[in-house]
Amino acid sequence: MKNVIIKIVGLILMVVSFIAYVAKADAFPIASENLVPWSVWFTIAVLVNMVVWFPVMKLVSFSIGIIWFYAFIAGLMPDTSTASGTLESLDWDDPEGVAEIGEGIFNTKGQCAACHTLDTSAPKGRCPDLSDIGAIAASRQPGVSSKQYLIESLYEPAKYLVPGYGKIMPEVWKNPIALTQLEIEAVIAFLQSKGGDIDPTPFDEPINRADADTTTVALEPLLTGEIEKGKEVFIDTACVSCHAVQGVENPQAGDENVDFEVVTAPELSDVAAVYEMRYIEESILLPHKEILPGYGKVTITAQGIIYDGTLVSQDEEKIVVKTKADDGTETEHTIRLSDIDEEPITDLSNLLEKGYFTITITPAGSDTPISGEIVDEDADTVTVKVGEETQIVSKTDVKKQMTLIDYSDVETVGEHVSGTRDDAEIVMIVDGVEESFDPFDIQDVITAFAKGRKLYERSPMPDNFPDLLSVKDLANLLAFLSSLTGATATEETTTEDVGEVISE
Ligand code: HEC
Ligand code: HEC
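What you see is a predicted model, and the numbers here were worked out from it, not measured in a lab.

Engineer: With reference to specific residues and values, describe the overall build of the chain.
Structural biologist: On a plain count of helices and strands, the chain comes out with 14 helices and 15 strands. Residue burial in the chain is summarised as follows: out of 504 residues, 23% are buried. Within the chain, counting contacts between residues at least 6 apart in sequence, those at least 24 apart form 58% of the total.

See the structure below:
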């Protein structure tokens, strides 16, 4: 009778432990310590059955045990199809194979896929799409090769920020991702294979690994944040001192702010109902890119008077600027664009972006300056509308204007002929006469290539949020902002679906 019970218990244990093992059930009796995992129970059951049963059942139990044992050993083997094993060498005779290993790392240990897409049709997110990175990398930074650019992107991602993106990419050689040099080499081969050629040349790491921790930890999901924590960020980073949101108190109300000037700003109570999250994110990371009409700041000099205030409106001929006196009284000034004073242009790059709308420039071989409205520009030329015609002027072949300031603050302006402060003399044509100056007597030198009128509008919003906010703070802040739909003043505390909203 006792024997029968043992036989039946043995059989039941074998069946139950086998099912539990296959179903990856927690260990029994103490799951948290992984005490006696089901594989051990199963082994015990097989042994018991082999002892207590009649010969045929012994044989059956033994066979099941052997089959299971082989499956168990096979399960212990590292799965070579994912990149979870340690990489010991790369076979550069097979660059495609290396790129494939890199792809595995991209999707697993590297956690790159948590942020980056490899699909041009994917919605534009917080991180650049890398479908054509092999082709793009070569032209990202002048003078920096494709491989070098990718090396820097992975080791020091903050060095060359892709315009329009925040400083959120982790240094992937460090904790928590902790890729080894070989793994990074493989990832670079994979990135180069996306639209470019794989360059197998070895490189030296531009970093010092000596004090970097190397344990891998899973990253927090990027696109999820907590609304309540985001509300704290909104208050702590002082967004609330300029922006009103229904139901959010400003603890510093009335105090003086030392970090920035508090200004009138749009209320954000329904900002998520009006804008896409991408726009909202950009407002925080790149505040000067798009400015809400009527809120931008300008500083201009017109007929010698400096106006520092808010740009109220603008048309083809004039602008209206509102200034605020120390006692708080506000005045609106209407200023004709042609009355704005010309100022020296010391750097001819990105003129339109800097707000220049007219230019006066003298080509190297000529004595007559060209003066007119800037209609277009590229890296080497600027297109100027003079009367009814347009003229394309080189940015490199221009006559330089030089202003020398001596120690008595006397300024001499002339056309530069030769010499800099580091030479024995500076020669300029002043009022048609060539003159020589001793750099020793000169306090400051300003070299200008042209003159122009400029209207540069900037957002009053501080532009250091990308540096101030951690990835987590920003995710939480965006979660909070995404909850501002103006629906009710009662706060929701669920974080469900926030990720989807943000990735729109
Ligand atoms: C937490 C999100 C995040 C993770 C994880 C991440 N990146 Fe990035 N990555 C970014 C962001 C944001 C940028 C753009 C800003 C910049 O240049 O740093 C970027 C930029 C890049 C660029 C430059 C792209 C260009 O168009 O010039 C490359 C290359 C790149 N990442 C590769 C990787 C690889 C490979 C991994 C994984 C090993 C990775 N990233 C992991 C967020 C991330
Ligand atoms: C110094 C005052 C100031 C601070 C501080 C400030 N902002 Fe702004 N913000 C403005 C002004 C003014 C505008 C409108 C001009 C513009 O579009 O840049 C604006 C625009 C915005 C917009 C776009 C609103 C729209 O209707 O187009 C968003 C979103 C925004 N801010 C969010 C924030 C967040 C989040 C913070 C805190 C991290 C913050 N702001 C901090 C002044 C401020």
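Engineer: Requested: an account of the sheet that holds strand β5 (residues 343-345), with residues and values cited.
Structural biologist: If you walk across this open sheet you meet the six strands as β5-β15-β6-β7-β8-β9, and the pairing is antiparallel. The open sheet has two edge strands with one neighbour each: β5 and β9 (389-394). Across the sheet, the mean angle from the axis of one strand to that of its neighbour is 40°, orientation sign disregarded. In the sheet, strand β8 (residues 381-386) pairs with β9 via six bridges, with the strands oriented antiparallel.

Engineer: Quick rundown of the nonpolar core? Include the residues and the values.
Structural biologist: Ranked by size, the top nonpolar core spans 25 residues in total, and within it Leu150, Leu179, Ala186, Val187, Ile188, Phe190 and Leu191 carry the most contacts. Of all the secondary-structure elements, those providing two or more residues to this core are α4 (95-107), α5 (133-140), α6 (146-155) and α7 (181-193). Sorting elements by how many residues they give to this core places α7 first, with seven residues. Residues Leu268, Ala272, Ala479 and Phe480 belong to the second largest nonpolar core, which totals 19 residues.

Engineer: Summarise the site of ligand 1; cite the residues concerned and give the values.
Structural biologist: For ligand 1, the set of nearby residues contains 28 residues, the closest of which are Gly110, Cys112, Cys115, Tyr165 and Met169. The set of elements that each furnish at least two residues to the shell around ligand 1 consists of α5, α6 and α7. A breakdown of the residues in the shell around ligand 1 according to their chemical character gives 21 nonpolar, five polar and two charged.

Engineer: Break down the site of ligand 2 for me, with residues and values.
Structural biologist: Taken together, 26 residues lie around ligand 2, and Cys239, Cys242, Ala265, Tyr295 and Ser459 are the ones closest in. Secondary-structure elements contributing two or more residues to the shell around ligand 2 are α9 (239-242) and α11 (277-285). Broken down by class, the residue content of the shell around ligand 2 amounts to 21 nonpolar, five polar and no charged.

Engineer: Requested: an account of the packing of α6 against α7, with residues and values cited.
Structural biologist: At a minimum axis distance of 10 Å, the contact between α6 and α7 shows a crossing angle of 125°. Between α6 and α7, the angle falls in the class oblique. With respect to the hand of their crossing, α6 and α7 are arranged in right-handed fashion. Between α6 and α7, the residues in contact are Ser146, Lys147, Leu150, Ile151 and Leu154 and Ile184, Val187, Ile188, Leu191 and Gln192, respectively. Partitioned by chemical class, the residues of the contact of α6 with α7 number seven nonpolar, two polar and one charged.

Engineer: Mind laying out helix α8 (residues 227-236), listing which residues take part and the relevant values?
Structural biologist: Along an α-helix, a turn takes 3.6 residues, which lines up residues three or four apart on a common side. Those residues of α8 that sit buried are Ile227, Gly230, Lys231, Val233 and Phe234. Looking straight down α8, one finds that the buried residues subtend no more than 160° of arc, so they occupy a single side. In the core, the buried residues of α8 are packed alongside α9 and α13 (471-482). Two residues or fewer past α8, Ala238 is found with a positive phi of approximately 70°.

Engineer: Pulling in residues and values, what's your account of the environment of Val384?
Structural biologist: Considering the arrangement of structural elements, one finds Val384 in strand β8. Along the primary structure Val384 and Glu373 are separated by eleven residues, whereas in three dimensions their C-alpha atoms are 5.5 Å apart. Once residues within four sequence positions are removed from consideration, Val384 is found in contact with Ile359, Ile370, Gly372, Glu373, Ile374, Thr390, Gln391 and Val393.

Engineer: So what's going on with α13? Which residues, and what values?
Structural biologist: Taking 1.5 Å as the rise per residue, α13 with twelve residues should run 16 Å; its terminal C-alpha atoms sit 16 Å apart, in good agreement. When you tally the buried positions in α13, you get nine out of twelve residues, the bulk of the element. Buried within α13 we find Leu474, Ala475, Asn476, Leu477, Leu478, Ala479, Phe480, Leu481 and Ser482.

Engineer: Describe the pairing of strand β1 (residues 297-302), listing the residues and the values that go with them.
Structural biologist: Looking down a regular strand, the side chains alternate between one sheet face and the other. Across six bridges, β1 lies against strand β2 (residues 305-314) in antiparallel orientation. Bridge pairing links Thr299 to Asp308 in β2. Here β1 folds back onto β2 in antiparallel fashion, the turn holding two residues, of which Gln303 has a positive phi close to 45°.

Engineer: Explain the sheet that holds strand β13 (residues 433-437) to me, and be specific about the residues and the numbers.
Structural biologist: Taken in spatial order, the five strands of this open sheet run β13-β12-β11-β10-β14, and their pairing is antiparallel. The open sheet is flanked by β13 and β14 (442-448), the only strands paired with a single partner. Direction aside, the axes of adjacent strands within the sheet are offset by 40° on average. Pairing of strand β12 (residues 426-430) with β13 involves five bridges; the strand directions are antiparallel. Looking at β13, one finds that Ile426 is bridged to Phe437.

Analysis parameters
Residues numbered from 1 in each chain as written. Chains lettered and ligands numbered in written order. Predicted model: local features only at pLDDT ≥ 70, side-chain atom pairs only at ≥ 80, totals over all residues. Helix = DSSP H or I, 4+ residues; strand = E, 2+ residues; numbered from the N terminus. Buried ≥ 20, exposed ≤ 12 C-beta atoms within 10 Å, placed from the backbone. Contact = placed C-beta atoms within 7 Å. Pairing = 2+ DSSP bridges. Axes fitted to C-alpha atoms, helices over the stretch in contact; angles between N-to-C directions. Core = buried A, V, L, I, M, F, W, Y, C linked by C-beta atoms within 7 Å. Near = placed C-beta within 6 Å. Nonpolar A, V, L, I, M, F, W, Y, C, P; charged D, E, K, R; others polar. Parallel < 35°, antiparallel > 145°, perpendicular 65-115°, else oblique. Left-handed = near helix turned anticlockwise from the far one by under 90°. Arc of directions from axis to C-beta. Expected span 1.5 Å × (residues − 1).

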